[in-house]
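Here is what each chain is made of, one letter per residue.
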Amino acid sequence: MTKADLVNNLGTIARSGTKNFMQAIQEGQDISMIGQFGVGFYSAYLVADSVTVITKHNDDEQYIWQSEAGGHFTIQRDTIHESLGRGTKIILTLKEDQSDFLSERTLKDLVKKHSQFIQYPIRLYTTKEEEVTDDEAVSEVKDKAEGEEEAKIEEVDEDEEKDKKKKKVEKHEWEELNKQKPLWLRNPSDVTKDEYNAFYKGITNDWEEPLAIKHFSVEGQLEFRAVLFVPKRAPFDMFEGKKKMNNVKLYVRRVFITDNCEELIPEWLGFIKGIVDSEDLPLNISRETLQQNKILKVIRKHIVKKALELFTEIAENKEDYDKFYEAFSKNLKFGIHDNDSQAKDKLAELLRYYTTTSGSEMSSLKDYITRMKEGQEDIYFICGDSKKAVES
C-alpha cells in the first residue's frame, strides 16, 4: 500500500474500510466489497495489544504503520527492516491471555476450518525436532585415538555408541496448510472412489466409508457445486433437540462460512453430510441475512431434488437400501409430515411396508399394487411402532 492507502484504509475506525463497508450495507449497495483491504482489520485487536503493518507499493516508499487501537496511529518511512520489494507484512503483539494463538496446533486448526480450500497458499513457519548423526564428533574422536601413542582397548556397547552419535536439532521450515484442493471443483468422472472416501472421512471424522455419494454442479441463473454423502449408519443423537440441524458445510468461493446453516437443507435431511460451494452468495453473509436470502432458497430446492435422486439410486440395490432404510426411514416419514416438504410424493415412493404376504421382507406401495388380486379395490393398513407390536 502507499502512504495514502494506509491513512484511508487503516486509519482509526472512523476512517477505515470497515466504516465504509457498514455504510454501504445501510445504503443497500453491493456488499461483496469485503475483499477490500481494511474491512475487518480491527478484529486483530481482539487478540492483540498493538498491530504493526510494514508495506511497500511499487509507486511509493516502504512504510511502517503502527497503532494500539486507542484512536491514534503513526506512519513513518521504514529505515529499519529489509525491503519487502512489494507486499505487506503484519505483526501482532498478542495480549497476555491470547498466547494460545502462538500454538502451531491452534493456527493449523483455524486454517483448516475457515480457509482449507481457498486458492491462495497459506504457509506457517514451523519448528520441528529431528534426530541427526553427529558425524563431526565421531570424526574428532577417531583422529584423537589415532594420535595417541598407547591405544587402550575396551569393549563398547554398540547401542550406546549409536546413541552417542545422534543428537536432536531444531529444523525450521515453511509448511503449506491448505494443500488439499477442493474436490468438488473437479469433474465427477475424474474423482476416484478412494478420493471420495478420504474426503468424506476428512470433513466428517467418520471412520466408515459413505453409503452413497452425489457430486453435482448447477449453472444458469445461479452457480454452485456440491458433494453430498449418505452415511452408513444414523448418529445416536440424530433427533435430540440440542443437536445442530444439519451437517452440510456452506462455502462461498472456497471460503468457509458456516457448518450450521438451518436454511440450507430441511430438518428431515439433517443426516446428509457434505459441502455446498456458492459462487453467488456474498462472503460476509450473516445468519440473519441467510434467512432472507433468495439464492439460498434456490440452492435448498436443488439439494432436496438431488438428495431424492440419490435415494432413488440407492433403492436400485436392495442390500444398500435395506441398510439405508433401517437407518433413516424415520427421516423419510418426517419429510412427508414436514409442512415445507417439496417432495412428498417422491418420499412416499421410497417408503417400505410389511404386508400379509411379504414375511420378513418389506415392500413398496408400488410393488404391492402390482400384486393386488383381480377385483381388489381396497387396501387395509394398521399402524404401530413395530411389526411385533401390531401382530400381538
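Residues numbered from 1 in each chain as written. Predicted model: local features only at pLDDT ≥ 70, side-chain atom pairs only at ≥ 80, totals over all residues. Heavy atoms only, no water.

**Observations concerning the environment of S363**
Then comes step 1: Inspection of the secondary structure assignment puts S363 in the loop between α10 (344-350) and α11 (365-370).
Then comes step 2: Ignoring sequence-local partners within four residues, the contact set of S363 consists of L351, R352, Y353, T355, Y368 and R371.
Then comes step 3: Polar side-chain contacts of S363 include one of 3.4 Å to the side chain of R371. (Helix = DSSP H or I, 4+ residues; strand = E, 2+ residues; numbered from the N terminus. Contact = heavy atoms within 4.5 Å. Polar contact = N/O pair within 3.5 Å; in protein donor to acceptor, adjacent residues only side chain to side chain.)

**Some details on the pairing of strand β8 (residues 224-230)**
Then comes step 1: Extensive coverage of β8 is indicated by the burial of six of its seven residues.
Then comes step 2: Judged from the seven bridges that link them, strand β7 (residues 212-218) and β8 form a sheet pairing that is antiparallel. Bridge pairing in β8 places V218 opposite F224.
Then comes step 3: The hairpin turn running from β7 into β8, its antiparallel successor, is five residues long, and G220 in that turn takes a positive phi close to 140°.
Then comes step 4: In this structure, β8 lies alongside strand β11 (residues 273-278), joined through six bridges in antiparallel fashion. Across the sheet, the residue bridging to L228 is G274, located in β11. (Buried < 20%, exposed > 50% of the residue type's maximum accessible area, 1.4 Å probe, protein only. Pairing = 2+ DSSP bridges.)

**A closer look at the packing of aromatic side chains**
A ring pair, where both rings are aromatic, is described by two values, the distance of the centres and the angle of the planes.
Then comes step 1: Applying the stated criterion across every chain, the model contains 18 aromatic pairs.
Then comes step 2: Pairing F117 with F199 gives two aromatic rings, centres 6.1 Å apart and planes at 50°, and the pair type is tilted. With F117 in the loop between α3 (104-114) and β5 (123-133) and F199 in helix α6 (residues 193-204), this pair connects stretches of sequence that are 82 residues apart.
Then comes step 3: Taken together, the ring pairs connect F117, W184, F199, Y200, F229, Y251 and F256 into an aromatic cluster. (Phe/Tyr/Trp six-rings, centres within 6.5 Å; stacked < 30°, edge-to-face > 60°.)

No statement about biological role is implied by the geometric values presented.
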